[in-house]
Amino acid sequence: MRLHVKRKISKITRLVFHRRCLLLVLFVSTFSMISVFYLVQWNIICFNIDIENRLNTLCMEYNEGKAFGRLCEPLCNNGEISALSCEPMHKGKFAVFTALWNNSLIVIKSHRVKSEYIPLQWIASNSSEVFPNYEELVEMVTQSILANFGMQKENLMNRLYPFLVDYHNDVSRELMINLWQLSQDNEYVTLMINQHSHLFPKILSSCGTYYAVEYAKPISRLNIYSDRLEDFVSRVRQAKLMLELLDELQTSFVDPIHICDVKLEHFGLLNGRQVLLDADTVFPKAVVDRSVADGRECWKHSDCDLFDCRSLCNKVLNICDTPTVNNNLQTVCQKIFLDSGLLISRHLPLATSRLLRDCANPNFSQGRQIAPVQFHYQIANFVNEFLNMVALPQNPDE
Ligand SMILES: Nc1ncnc2c1ncn2[C@@H]1O[C@H](COP(=O)(O)OP(=O)(O)O)[C@@H](O)[C@H]1O
Ligand SMILES: [Mg+2]
């Protein structure tokens, strides 16, 4: 009798254990599936098969005469571009992947899914679709560049679309749609109008809404994050290059350029200089000012921000009416030198550490004031003196 009860108890225990195991397995697999879904959805991880699908669609469009540009042949037909691999951690663009083009590394990007661009045509009062002619398209692109980038350029169409000459004067409706879509891609436009600047990678060519840019090794991949002296020296070198880049953004344009999405992975190394890799939210100050002080309703200061370009909420009227209050140096001190740890080290003198904190949070403003230019000089002084003092040979990779 006792044996029977014992056996029954053990059977029940096994059953409960099995059930628990089953529940645990179910829970873990559901949780993993949801995590993978979101990791893919947010482009934190990516699969190369996605690139293939996207390129198949693009090349189909090219073969149907709906995608234009000098990247189409090497990408779709003559096999010059190979070994594609997707870039994880991109959160804005529809596609970002690296590839080999005649043995050189390139990055291919596209801003949005086609259906998300503002259409070229509009609806007339009699409900019919109206397409602009080429002259009207030129005017539309000119006005859009003026509004979004605050600039008027001579010969704008040829600067933005070097491949236009290949089509002589035969600008079809499909080609106009392609041009209009590219004009809505902030990064494409910023890079094209700054093709001769060494602050951005160059655009090599485009196909449809995809464009190829020079590869610039992201400094986040430089493997310099131990606190050995030579690694800290490498980080200080990167800080020096970053200060030089900020200086150029401030001084070599009519209106200083603001980087509104400051992240370590958005700075890359190209020909010994640092360049900006993600130009989606890189604008002249006047454009940022207009965007953050656009009179929208607000309840807290961050309601008025354009990512890292910060503003203030007018708490009396509850509207955003203040132009940008911080600057590139403040954000870089906060997000790169401190938060990302580029200059965090036991080798950093205490006074410099205090200087970086003041630069990140000028006058205890929660990052809502500009970091004054003397901070730039003081950090640059530290960097130069430190590099002179240690004078270690440079890693050829940097
Ligand atoms: N020209 C480039 N060279 C090398 N890596 C790049 C380049 N452009 C982008 N990347 C890498 O790909 C990542 C995603 O690209 P990014 O333009 O930032 O996309 P998103 O706008 O979606 O954030 C970047 O954070 C960077 O590390
Ligand atoms: Mg990015």
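For the protein, the name recorded in an unreviewed UniProt entry is FAM69 N-terminal domain-containing protein, with Daphnia sinensis as its organism. Per UniProt, the comment on the protein under Subcellular location (unreviewed entry) is "Endoplasmic reticulum membrane". Quoted verbatim from the Sequence similarities (unreviewed entry) heading of the UniProt record, the comment on the protein is "Belongs to the DIPK family."

S.K.: When you look at the overall build of the protein in this model, what are you seeing that I'm missing?
M.R.: What the protein contains, in helices and strands, is twelve helices and 14 strands. Overall size of the protein, expressed as C-alpha extent along the three principal axes, is 100 × 60 × 55 Å. Counting across all 398 residues of the protein, residues that qualify as buried make up 31%. Partitioning the intrachain contacts of the protein with sequence separation of at least 6 by distance along the chain shows that 60% fall at a separation of at least 24.

S.K.: Whenever I open this one, the pairing of strand 3 (residues 104-110) confuses me. Can you help?
M.R.: Look at any regular strand and the pattern is simple: side chains alternate between the two faces of the sheet. Bridging between strand 2 (residues 95-101) and strand 3 involves seven bridges; their strand directions are antiparallel. Along strand 3, the bridge assignment pairs A95 with S110. Between strand 2 and strand 3, which pair antiparallel and follow one another directly, the connecting turn spans two residues, one of which, N102, has a positive phi of 45°. When strand 3 meets strand 7 (residues 210-214), the two strands line up antiparallel, connected through five bridges. From the neighbouring strand, V107 faces strand 7, where its bridge partner is V213.

S.K.: Sorry, what's going on with unusual backbone geometry here?
M.R.: With the exception of glycine, the majority of residues adopt a negative phi angle, and the majority of peptide bonds are in the trans configuration. You will see that F307, though not glycine, has its phi angle at about 50°, which is positive. Summarising the element assignment, F307 is placed in the loop between helix 9 (285-292) and strand 13 (313-314). Not every positive phi belongs to a glycine, and N363 is a case in point at roughly 50°. Here N363 lies in the loop between helix 11 (350-360) and helix 12 (373-390). Judged by local crowding, N363 falls into the exposed class, with 9 C-beta atoms found within 10 Å.

S.K.: It is not clear to me how the domain arrangement of the protein should be interpreted in this structure. Could you clarify?
M.R.: Reports of interface size often rely on the accessible area that becomes lost once the parts have come together. By domain assignment, the protein separates into domain 1 (43-215) and domain 2 (218-390). Taken over C-alpha atoms, the centre of domain 1 sits 29 Å from the centre of domain 2. Facing the 14 residues of domain 1 at the interface are 18 residues of domain 2. Breaking the side of domain 1 that touches domain 2 down by element, the ones donating at least two residues are helix 4 (134-149) and helix 7 (186-193).

S.K.: Just checking my understanding: could you explain the packing of helix 4 against helix 6 (residues 173-183) for this structure?
M.R.: Two quantities define a packed helix pair, namely the angle between the axes and the distance from one axis to the other. Between helix 4 and helix 6, the shortest axis-to-axis distance is 10 Å and the interhelical angle comes to 5°. In terms of their interaxial angle, helix 4 and helix 6 are classed as roughly parallel. Between helix 4, through Y134, L137, V141 and S144, and helix 6, the contact on the second element is made entirely by M176, L179, W180 and S183. Of the residues that constitute the contact of helix 4 with helix 6, the class distribution is six nonpolar, two polar and no charged.

S.K.: Looking at this structure, how should I read the packing of helix 10 (residues 328-339) against helix 11?
M.R.: Viewed as axis vectors pointing N to C, helix 10 and helix 11 meet at an angle of 125°, and their least axial separation amounts to 7 Å. As summarised for this structure, helix 10 and helix 11 are arranged oblique, according to the angle between their axes. In the packing of helix 10 onto helix 11, the handedness of the crossing is left-handed. The segment helix 10 lies against helix 11, with L329, Q330, C333, Q334, F337 and L338 engaging L356, C359 and A360. Taken together, the residues of the contact of helix 10 with helix 11 break down into seven nonpolar, two polar and no charged.

S.K.: Quick question: what am I supposed to make of the sheet that holds strand 1 (residues 81-86) here?
M.R.: Paired through their backbone hydrogen bonds, the strands of a sheet run either parallel or antiparallel. Here five strands make up an open sheet; going across it, the order is 1-2-3-7-6 and the pairing antiparallel. Whereas interior strands pair on both sides, the edge strands pair on one side only; in this sheet they are strand 1 and strand 6 (203-207). Neighbour to neighbour, the strand axes of the sheet diverge by 30° on average, direction disregarded. Where helix 2 (residues 48-63) meets the sheet, its contacts fall on strand 1, strand 2, strand 6 and strand 7, and the angle it forms with strand 1 comes to roughly 130°.

S.K.: Whenever I open this one, the sheet that holds strand 11 (residues 273-276) confuses me. Can you help?
M.R.: If you trace the three strands from one edge of the open sheet to the other, you get 8-10-11, paired in antiparallel fashion. On the outer flanks of this sheet lie strand 8 (217-218) and strand 11, each paired with one strand and no other. Both strand 8 and strand 10 (residues 267-270) contribute to a ladder of two bridges, which runs antiparallel. Considered in strand 10, the bridge of K217 is made with L269.

S.K.: Any chance you could explain the pairing of strand 2 here in plain terms?
M.R.: In terms of strand pairing, strand 1 meets strand 2 through four bridges, oriented antiparallel. Bridge pairing in strand 2 links C86 to F97.

S.K.: Sorry if this is basic, but what is going on with the environment of R221 here?
M.R.: Looking at the secondary structure, you find R221 in the loop between strand 8 and helix 8 (229-251). The class of R221 is exposed, set by 12 C-beta atoms lying within 10 Å.

S.K.: Quick question: what am I supposed to make of the environment of V373 here?
M.R.: Following the sequence through the fold, V373 ends up in helix 12. Placed 126 residues apart in sequence, V373 and D247 show a C-alpha to C-alpha distance of 9.8 Å.

S.K.: How should I be thinking about helix 12 in this particular structure?
M.R.: Note: α-helices contain 3.6 residues per turn, so residues at a spacing of three or four share the same orientation. If you check helix 12, its first and last C-alpha atoms are 26 Å apart, about what 18 residues at 1.5 Å a residue would give, namely 26 Å. Buried residues of helix 12: H376, I379, F382, V383 and F386, and no others. When helix 12 is viewed along its axis, its buried side chains cluster within an angular range of 130° and face the same direction. Turned more than 90 degrees away from the buried face of helix 12 sit V373, Q374, Y377, N381, E385, N388 and M389, all of them exposed. Looking at the buried positions of helix 12, the neighbouring elements they touch are helix 8, helix 10 and helix 11.

Quick notes on the rules
Residues numbered from 1 in each chain as written. Chains lettered and ligands numbered in written order. Predicted model: local features only at pLDDT ≥ 70, side-chain atom pairs only at ≥ 80, totals over all residues. UniProt positions renumbered as here; feature names shortened; annotations may be inferred. Helix = DSSP H or I, 4+ residues; strand = E, 2+ residues; numbered from the N terminus. Buried ≥ 20, exposed ≤ 12 C-beta atoms within 10 Å, placed from the backbone. Contact = placed C-beta atoms within 7 Å. Pairing = 2+ DSSP bridges. Domains from an automatic or database assignment. Axes fitted to C-alpha atoms, helices over the stretch in contact; angles between N-to-C directions. Parallel < 35°, antiparallel > 145°, perpendicular 65-115°, else oblique. Nonpolar A, V, L, I, M, F, W, Y, C, P; charged D, E, K, R; others polar. Left-handed = near helix turned anticlockwise from the far one by under 90°. Expected span 1.5 Å × (residues − 1). Arc of directions from axis to C-beta.

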